[in-house]
Structures are given as structure tokens and as C-alpha cells.
Number of protein chains: 2
Amino acid sequence: MPEVLVELDRTRPGLAGQLTCALRAAISDGRLSAGTRLPSSRDLAGELALSRGVVVEAYEQLSAEGWLLARRGAGTTVAGRPPRTAGTLSGTAEPQSPSGGTERSPRADPVAVLRPGVPDLAMFPRADWRRAYERALRTARDADLDYGDPRGAPQLRAELTGYLGRVRAARIDPNHLFVTTGAAQAFGLLAGALRQRGATTVGIEDPGSPGVRGHLTANGLRLVPVPVDADGLDVAALAASGVAAVLVTPAHQFPTGVVLAPHRRHELLAWARRSGRLIIEDDYDAEFRYDRDPVGCLQGLAPDLVAHIGSVSKALAPGMRLGWLSVPPDLGPAVLAGKAAADLGGPVLEQLAFAELLGSGGYDRHLRRSRLVHRRRRDALIAALRRHLPQAQVSGIAAGLHLVLRLPAGVDDTALAAAATRAGLGPVPLSATRLDLSPAGRPSGGRTTAAEPGLVLGYAAHSPGELASAVQLLAGLMA
Amino acid sequence: MPEVLVELDRTRPGLAGQLTCALRAAISDGRLSAGTRLPSSRDLAGELALSRGVVVEAYEQLSAEGWLLARRGAGTTVAGRPPRTAGTLSGTAEPQSPSGGTERSPRADPVAVLRPGVPDLAMFPRADWRRAYERALRTARDADLDYGDPRGAPQLRAELTGYLGRVRAARIDPNHLFVTTGAAQAFGLLAGALRQRGATTVGIEDPGSPGVRGHLTANGLRLVPVPVDADGLDVAALAASGVAAVLVTPAHQFPTGVVLAPHRRHELLAWARRSGRLIIEDDYDAEFRYDRDPVGCLQGLAPDLVAHIGSVSKALAPGMRLGWLSVPPDLGPAVLAGKAAADLGGPVLEQLAFAELLGSGGYDRHLRRSRLVHRRRRDALIAALRRHLPQAQVSGIAAGLHLVLRLPAGVDDTALAAAATRAGLGPVPLSATRLDLSPAGRPSGGRTTAAEPGLVLGYAAHSPGELASAVQLLAGLMA
């Protein structure tokens, strides 16, 4: 192992936690640099005289957080350029990793071509937002600048209630709607409320978003993978798992893009009603539909069973850190107390500005513009794939900001993605979206991974020309 | 007890937590309305067939959170108008209470005269802030709008490092500086990092800020009161307490206004160095000094021992939810992971705008203006007190946004403050700043409370005229 000081206090419990902290520290302050290969869990366990399970747990946690990268065959290495990696691995895609750590240069990195989970930041509606913010600043009452409602400005919660009802067929009660610091905080608040109820496990779609997985783990929940097929989440498998809650992306599953089939929706709601469990709906890119009608959200069918999470990260920009969480009434008080304990609520002026943007119709206009652009880019990406990789199949193209490129069985998608990253591209290997990518590995997952290699390709952030050259480059790497 | 459904699942552990949740829910959705008197812990315990300790624990938690008000003699009642109560109880004073609960009207309440812990919201520099925000929005790089560093925008961390060094004699390493959603989040992040180290207790100044106390409790730390005398925190008592960390307000103790004496600073730092414990410096109103030189912060004397917390809540407005936390290097990784797990960082545009305001000198100009205004208002309040309450002594006047009016022994300051609140004023009873105000009560604290009644009076938010009439009104209530 590279020379790194790992201090463990064996008189205290939680050796895995101590090891995790020590390694995280070493990476964050550069003592362990990107690309450095770590010893196998067995070797490190031997070196530190720890049980192997302790090391595996630390590696799993740090992989989930995006600090480490586990590659079948290639062992465990320190993740390269956390910001891109993290952002890349995102559906709602709020990476758990520190997005850059201490050595991040003030000059931020541009978005890598084909990186999924991020919109075109150049399309951020600066003029509209400036007008909305100015108006909010001009019209805010002095009292609005005082300590406010931790749930967020009443004006924004009212606008969001209307918007989500109109666009997502949601049935929100503003009393149980929380404005959050991005979807990330929404996941954390829900995890806290669930733990308070004594829940320790959450079912997650497999494949699914590693960013969201890392986030739930970091907030104290144990993940239980539930398979996804062409109809979406396998509810029978879910019911058998005995989890306290399940996180789903019904409108556009990440990464496969499948829509949760009607019969599955009903089975899922029946499961929740029967077992008193919670459905967490991650509506991460619901605004973007191309070849089919939008799918209404689950929450609208059963507000008492579904917690609904959304954000402006895909529609405006992740850096806004602006999201929302609607919870069933029985979770309201716990989430309210959690939000108050976390930060007493978010910045009021940006909340009022977003209320202005929604109320003025500016948000709808921006979404319409974006949809056209995204569609053109998606078509360009598909055309380029047909031209340069005729043998490959493409799926999940009807909506969202990314699609899935299926690769011939036997192709090592992780190695391919790594090569593409070195070439400046940002695709995500399909195998990285499976839960088994921790150093511990899980045979079943392992089998699936081997069976279905692929790449998750984002198309929203770049021009047709950039996408075409990127695909050409990618094809070259596969030749 | 008023008709309230309290459902307890006796098959699950944590009955106190369940009771706390049930009562919080009943208050938040209005089933238990403000002013409602709750049965004694003994009676409720009897009714619900619980041990009295369980009920006491729930009452204590809800009092700390600001949902309940415990009045010596008058028993426990549902707190009136949480927003004002909460705000009122503030040093850095970030109330744990939901500031309004579900029935908060969109028309926010104006600040009550004499309420401490809040600046004059009408003085918020809207024009300067608009310019700073516009410039930030115009000059931000597209990449700045992507997922960023959870610690906050590098530009702001650089500006803050310079500002805190210049104004507070702090020695900050921007790598260990975090931009937070107000001081509230900073307390939460520190509490989390301490718990991760296995720490469970934190020493707090007694008297001190109930808002901060509730916040630390809500974030899982047990509070240990440490007495404050004319030289500030009693370090000998602290050393005897064996706590893992201590929260202090060295520059201007809340509420007494005393400055931590030089010999105490040295004793405190020696304690931390000797025992490896953490000092948490709450620099809540450090910008405001009138009759004496500013006192440099503790952090500058020992960056490796002191976590430093500040915010713009007193200098700009609490609704900005903008604060900062500087931690010793060894806490950096844990706090970074905690911040990433909490929200992946705050809104980038307001961070860049604050960097602009700092860099342009606009923040300094605003502070100079505010200082003059505050000083005039303080003088007006003192003059009015001399005129209408000649017998009362005033202390803690050299700095900050509030002073302490000492009342003759035997006066019930809680009842007086309640009467003043009914009359539309916002003073805080000195006894409410003591730790023993929970229904359980603590004899020692009880003795102190009885011995030193008083009122904490804020003067920053209102004109000399408003302050004078408020004092006249107050004097009438005491006559």
C-alpha cells in the first residue's frame, strides 16, 4: 500500500468507521492521489491486523461515496477527478463524493461530453433568473428576511404545489411540502425520518443511480437491491425483501429508461398499502419527454403512501441546490423536525425568485425550449451511434437526458468507460449502475454485470457536432 | 389533558421518542394550540401508563426545540407563536423550532420591539446585494453551475478567509472552511463529527442561548451546563465536567455580554490542548462593538483547537441562511463527508454574490453603517431605561445587539416577559437562558434563576422612538 498513515484507536469501537475516515482524509488531502491502486481488502486487513470484513466495509462505503473505484479484475483504486466521476454517476445524481476535494482548482471543469445526469449549463436562463431574483428582492417584505418556516417560503410552496399538480399530476399538500437544498437533502431528511421510525433498510432499483445509493448509505440506511426488468421494478422481489421503504424512478428508470408499467404501479401501491411501507419517488428528470406523453407521478395516485422528490438540477442547474420533498402526512412532523435541526430552512431570496419564475411562466418557457434542444441532441446522438457503432443497440431513448448503449456480451464496459474518460469523455459503464460494484462484489450482480455490458450516455449538455465527434472517438476506442 | 390522540407502539423501543413525535405532530398541525396548558409530567405519565422519566424527556426535548414553554409555577404550555418565540431565544440563536408550524400566514410577522438576536431587517442593503448578485450571475462560469465543492464556492471561501483574518484575527485554512446554511447547519455538522468520534456530551455556557441548546440537542448531543461569571466561562468547572467539547461565545457572551477574560482564554486553550477536547467558538455578533476595541477570536490563537462559527444572520438577515464553519484539520474530513451527505453544498449563485459583496467592500460599508445606527439605538434604550426604570441595573452594553436588564430579586421575569409578549413586545426572560428551564428542572440552576431575574432586551431592530415607548410600556407592566 502507498505510504499512508492510518491511525486506529483500537480501544474505541467502530474500527471500520475509523478506517473509512483515515482513508477519506488521506484521499481528500492528497496523500493518496487519484489513480493510486489500493491493496486488496485481504492484504490491507493483514497489514493493519484487522478482520477482512472491516476493510471491506470501509472500501464499500468509500466506493459508494465516490472516493474509490472498484474495477473487476483491476482491484480498488482512488477515484480520478471526483467531481466528474461523481456527477457522472448521477440520476438525481447527487454525488456523495466531495466533488473535487481539497485540490479542486478554482477554474471548474467543463462537463465531459456524453456525461449523463447534467443539463447544458450554457442554457441556464440567466436573464430570466436575474429578472425573477430582482423582483423577489424588490417585493420581499422585511419580515420575509427574518427566520422563516423551515419548510421554505410559503409563496414558493404554493407555486410548487400548483406546478407539480399541473405538470406531474401530483396531489401535494403545501403543509407537507419541503423546499430542500437539492434532492440530496431530501434523501437525507427521508432517511432520518425512516431511521427515527426504526427502519434500517431501503430497497433500491438495481441497476440504479450510484450517486443516490451513496447518499442513502451515507445517511444511515442499508441498501437492498431489487431487480428492474422491462416493466420496471420487480414488485414481487420487493415484497419478498422485507424492506421498510423503496426508492423508485417510475417515470424514467435510471439508467434503463423504462417506465414503470401500469400493472406494476398498482402492485407497488398495493404493497405499500398492505405493508405500511413507504414509496420514495425520485422524479429526477420528469420534465423531459419526447416521443410519448408524460407519465404522471405515483404520488398523485396515493399521496398517503408516496414521498415525492424533485429538483431543478436537471432543468436549470445542479449548482442551484434547489429541490423539494413532499411527504405523506404521517411523516410530516418528523421531516419538519429534521429540516429544522438540519438548517432551519433554505435561503429565502432564491426561494422567492423561483416562485417568481414559476408564477411568471418563465420556468415553463425554459422547459419548452430545453425540450426541443434536448430532442435534437438525442436524435444526433442516435444517428451518430447508428453510423459509427451499427452493431450496438440503443435503449431508453423516449425521455430524459441520457440513453443506454448496449454492448456485445463479454465487452468490459468499465475498462471502456475508463479509456473514454482518459480521452476526455464522460460515459458511465452500465456495470457501475449495479449494486455489486463494491469491492466485496456479489455473485448474482457479478453475473448480471458480465451478461449485460453497456454505457450510459448523456446528450443534453453538448451540441450535435460535439456528440458526433465523441461517438466517433468512442467507436475508435472499441475498434 | 386537551383531547389529543397520542398513539404509542409499545412493541417498539424509544417510547420517549414516540411521545415526542406525537406531541410535536399535535402542536404542528394545530390539534394542540398555542397557550394550551399540558398536564404535569406525573399526570400524563399516569394517563399513558408510562414512567414519568419518559414524559419528562419528551417535555425537555420539545421545550429545547421551542414547541413547549415551561414556566416555574405555571407548568408546561404550548409555546405561543413559535416564529417569534424561536427568533427571540436567539444568540446565534438559530431556533430549533419550526418557526411557525403549519398555521403560519403568508403575511409574516414584524419583529417585536425589544426582541433580541435580530437586526433591523429594513436595513438589509437591497441595492448593494442586487448589484453583487447581478455581477455574480453575469460573471459565473457555466461550470460554476455544475455540482460543486460541498465546502462552498472557492471564491467565497477565499474572500471569507481574508475577511475573517482582517476583522476577527482568525487564521483560517480555506481547505477547512465550510460555507453553511446559516450557523444552524454549522452546529449540526460539528455535532455529527463529534458523535462520529464517539463524543456524546458538549459543555454549554449557562446562561446561554436556548436556540443553540435546542439545536445541539436535536443533533444528538447531551448538554452539560458550565457556569459563566464576570470573566466568562468558568474553565475550572468545565475541566471538572469531562465534556468532549464546549461551546463558547468569547467575544460577547450570550446573554450576559461579558468578554472571556484573557486569563480564562489561556486556561480554556490549555484545557483543550491538554485534554484533546474541542472548543466551539460561536462568533454570533462579533461585528458589533461600540465602546471598546473588537476582541479577536479564539480561533486565531489556536486554529488546531478551535472550530469557529459565524453567519450573516445578525449583519444582513437571518433569512439569508448563510454562515460558515472553520474546523481544525483533524475534523476536516468528517465534516466534509457530513456536509456532502447533508446537501452536497449550498446554492452557488448566492455564495458568489456574497464573495462579490465582501470583495467590493460593500459588506464592510454596511457594517459601518449598521454600527452607527445600533449605537444610537442602544444609547436610546439605555436612556429610556434610566428614565422609566431608574432602579434597574443594565449590563452587557459594550457590544452586540442586546443588553441585559437586571430585575430586583424575587421578580418573576418569566411572567413579566409573558405579559410583555401579550403587549406586543419581545423581551426574553433571563431565566429562559438558563439550562434548568426544562420541566425536570435542576436545583442549582433553579437557585441561580430565582436569584437573578432579568430581561434580555434587543435594540438593533427598532428606532429610538419605538424603543422608548416600548420601555415605557414595560415599566407600566412592572408598576
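Residues numbered from 1 in each chain as written. Chains lettered and ligands numbered in written order. Predicted model: local features only at pLDDT ≥ 70, side-chain atom pairs only at ≥ 80, totals over all residues. Heavy atoms only, no water.

Enquirer: Mind laying out the sheet that holds strand E11 (residues 323-326) of chain B, listing which residues take part and the relevant values?
Expert: Residue and element names in this part refer to chain B. In spatial order, the strands read E4-E11-E10-E9-E8-E5-E6-E7; together these 8 strands make up an open sheet with mixed pairing. Edge positions in the sheet fall to strand E4 (177-180) and strand E7 (232-233), since each has one partner strand and no second. With 4 bridges joining them, E4 and E11 adopt antiparallel strand pairing. Its bridge partner lying in E11, Val179 is registered against Trp324. (Pairing = 2+ DSSP bridges. Helix = DSSP H or I, 4+ residues; strand = E, 2+ residues; numbered from the N terminus.)

Enquirer: I'd like to hear about unusual backbone geometry, residue by residue, with values.
Expert: Residues Phe254 of chain A and Pro255 of chain A are joined by a peptide bond in cis, for which omega reads 5°. Looking at the element boundaries, Pro255 of chain A is found in the loop between strand E8 (245-248) and helix H10 (262-275). The phi angle at Arg321 of chain A is positive, at roughly 50°, despite the residue not being glycine. Mapped onto the secondary structure, Arg321 of chain A falls in the loop between strand E10 (306-311) and strand E11 (323-326). A positive phi angle is found at Ala169 of chain B, which is not glycine, with a value near 55°. Of the residues examined, Ala169 of chain B reaches a relative accessible area of 43% and is grouped as partly exposed. (Buried < 20%, exposed > 50% of the residue type's maximum accessible area, 1.4 Å probe, protein only.)

Enquirer: Describe the domain arrangement of chain A, listing the residues and the values that go with them.
Expert: Per the domain assignment, the segments of chain A are domain 1 (1-83), domain 2 (128-360) and domain 3 (364-478). Put simply, the middle of domain 1 of chain A and the middle of domain 2 of chain A, counted by C-alpha atoms, are 32 Å apart. (Domains from an automatic or database assignment.)

Enquirer: Let's hear about the side chain of Arg377 of chain A: which residues, and what values?
Expert: Residues and elements named next belong to chain A. Following the sequence through the fold, Arg377 ends up in helix H13 (residues 362-388). Overall, the relative accessible area of 11% leaves Arg377 in the buried class. From its side chain, Arg377 meets the backbone oxygen of His462 in a polar contact 3.0 Å long. Residues contacting Arg377, with those up to four places away along its chain left out, are Asp120, Tyr459, Ala460, Ala461, His462, Ser463, Pro464 and Leu467. (Polar contact = N/O pair within 3.5 Å; in protein donor to acceptor, adjacent residues only side chain to side chain. Contact = heavy atoms within 4.5 Å.)

Enquirer: Lay out the side chain of Lys339 of chain A with the relevant residues and their values.
Expert: Residue placement: Lys339 of chain A occurs in helix H11 (residues 332-342). Filtering out sequence-adjacent residues up to four positions away, Lys339 of chain A remains in contact with Pro150, Phe178, Val179, Thr180, Thr181, Gln185, Leu189, Leu344, Gly345 and Gly346 of chain A.

Enquirer: Could you give an account of the environment of Thr414 of chain B, with specific residues and numbers?
Expert: All names here are of chain B. Topologically, Thr414 is positioned in helix H14 (residues 413-422). Placed 14 residues apart in sequence, Thr414 and Val428 show a C-alpha to C-alpha distance of 8.0 Å. What Thr414 contacts, discounting residues up to four positions off in sequence, is Arg71, Pro429 and Ser431.

Enquirer: Give me the pattern of salt bridges: which residues, what numbers.
Expert: This structure, assessed with the given rule, holds 36 salt bridges over all chains. Taking the shortest distance from any N to any O, the salt bridge between Arg135 of chain A and Glu356 of chain A comes out at 3.0 Å. With a gap of 221 residues between them, Arg135 of chain A in helix H5 (residues 126-139) and Glu356 of chain A in helix H12 (residues 348-359) connect regions that are remote in the sequence. Residue classification places Arg135 of chain A among the partly exposed residues on the basis of a relative accessible area of 41%. Looking at Glu356 of chain A, the relative accessible area reads 22%, which means it is partly exposed. Here Arg141 of chain B ties to Asp144 of chain B by a salt bridge, and the two come within 2.5 Å at their closest N and O atoms. For Asp144 of chain B, a relative accessible area of 12% corresponds to the buried category. The structure contains a network of salt bridges with shared partners spanning Asp128, Arg131 and Arg369 of chain A. (Salt bridge = Lys/Arg side-chain N within 4 Å of Asp/Glu carboxyl O.)

Enquirer: Can you tell me about the sheet that holds strand E13 (residues 402-406) of chain B, naming the residues and giving the values?
Expert: Remark on secondary structure: sheet strands pair via backbone hydrogen bonds, oriented parallel or antiparallel. All names here are of chain B. Within the open sheet, the 4 strands sit side by side as E12-E13-E15-E14. Their pairing is antiparallel. With partners counted over all chains shown, the strands left at the sheet margins are strand E12 (393-395) and strand E14 (428-429), one partner each. Two elements, E12 and E13, share 3 bridges in a ladder whose sense is antiparallel. Its bridge partner being in E13, Val394 is matched across the sheet by Leu405. Seen against the sheet, helix H13 (residues 362-388) touches E12, E13 and strand E15 (454-458) and runs at an angle of roughly 15° to E13. (Axes fitted to C-alpha atoms, helices over the stretch in contact; angles between N-to-C directions.)

Enquirer: Let's hear about the nonpolar core: which residues, and what values?
Expert: By size, the foremost hydrophobic cluster in this structure holds 134 residues, and its most contacted members are Trp129, Phe354 and Tyr363 of chain A together with Trp129, Phe354 and Tyr363 of chain B. Once residues within four sequence positions are removed from consideration, Trp129 of chain A is found in contact with Phe124, Met320, Glu350, Ala353, Phe354 and Leu357 of chain A together with Tyr133, Leu137 and Leu349 of chain B. Counting residues in hydrophobic clusters, the runner-up holds 52 residues, among them Leu38 and Leu44 of chain A together with Leu194 and Leu216 of chain B. (Core = buried A, V, L, I, M, F, W, Y, C linked by side-chain atoms within 4.5 Å.)

Enquirer: How would you sum up H14 of chain B? Please name residues and give values.
Expert: All names here are of chain B. With 7 of 10 residues buried, H14 lies mostly within the body of the structure. Within the sequence span of H14, burial applies to Asp413, Thr414, Leu416, Ala417, Ala418, Ala419 and Ala420. Summarising the contacts, the buried residues of H14 are in contact with strand E2 (68-71), E14, E15 and helix H16 (464-478). Between the side-chain oxygen of the N-cap and the backbone nitrogen of Thr414 there are 3.0 Å, and the N-cap of H14 in question is Asp412. Directly beyond the C-terminal end of H14, a positive phi value near 90° is found at Gly424.

Enquirer: Now, about helix H2 (residues 41-48) of chain B: what can you tell me, with residues and values included?
Expert: All names here are of chain B. Every buried residue of H2 is accounted for by Ser41, Leu44, Ala45 and Leu48. When H2 is viewed along its axis, its buried side chains cluster within an angular range of 105° and face the same direction. Residues of H2 that are exposed and point over 90 degrees away from its buried face: Arg42, Gly46 and Glu47. Two residues or fewer past H2, Ala49 is found with a positive phi of approximately 55°. (Arc of directions from axis to C-beta.)

Enquirer: Kindly report on the environment of Val456 of chain A, identifying the contributing residues and their values.
Expert: Residue and element names in this part refer to chain A. Relative to the helices and strands, Val456 is located in strand E15 (residues 454-458). For Val456, a relative accessible area of 0% corresponds to the buried category. Considering only alpha carbons, one finds Val456 and Pro429, 27 residues apart in sequence, at a separation of 6.2 Å.

Enquirer: Could you give an account of the packing of H5 of chain A against H12 of chain A, naming the residues involved and the relevant values?
Expert: Residues and elements named next belong to chain A. Two numbers describe how H5 lies on H12: the axes approach to 8 Å, and their chain directions differ by 120°. Judged by the angle between their axes, H5 and H12 are oblique. Like other packed secondary-structure pairs, H5 and H12 cross with a definite hand, here right-handed. Contacts from Asp128, Trp129, Ala132, Tyr133, Arg135, Ala136, Leu137 and Thr139 in H5 reach Leu349, Glu350, Leu352, Ala353, Phe354, Glu356 and Leu357 in H12. Looking at side-chain class alone, the contact of H5 with H12 contains 10 nonpolar, 1 polar and 4 charged residues. (Parallel < 35°, antiparallel > 145°, perpendicular 65-115°, else oblique. Left-handed = near helix turned anticlockwise from the far one by under 90°. Nonpolar A, V, L, I, M, F, W, Y, C, P; charged D, E, K, R; others polar.)

Enquirer: Go over the pairing of strand E3 (residues 75-78) of chain B with me, naming the residues and quoting the values.
Expert: Residues and elements named next belong to chain B. Sheet analysis places strand E1 (residues 37-38) next to E3, joined by 2 bridges and oriented antiparallel. Bridge pairing in E3 links Arg37 to Thr77. Pairing between E2 and E3: 4 bridges, direction antiparallel. The partner of Leu69 across the bridge, within E3, is Thr77.

Enquirer: I'd love a proper account of the environment of Glu57 of chain A, names of residues and values included.
Expert: All names here are of chain A. Position of Glu57 among the secondary structure elements: in helix H3 (residues 52-65). Given the relative accessible area of 48%, Glu57 is considered partly exposed. Spatially, the C-alpha atoms of Glu57 and Ser41 are 9.4 Å apart, while their sequence positions differ by 16 residues.

Enquirer: Can you explain the packing of helix H7 (residues 182-196) of chain A against helix H8 (residues 210-218) of chain A? Please cite residues and give values.
Expert: Residues and elements named next belong to chain A. Between H7 and H8, the shortest axis-to-axis distance is 9 Å and the interhelical angle comes to 40°. By the angle class used here, H7 and H8 are oblique. Crossing handedness for the pair H7 and H8: right-handed. From H7, Ala184, Phe187 and Gly188 reach across to H8, where they touch Val212, His215 and Leu216. Looking at the contact of H7 with H8 residue by residue, the classes come out as 4 nonpolar, 2 polar and no charged.

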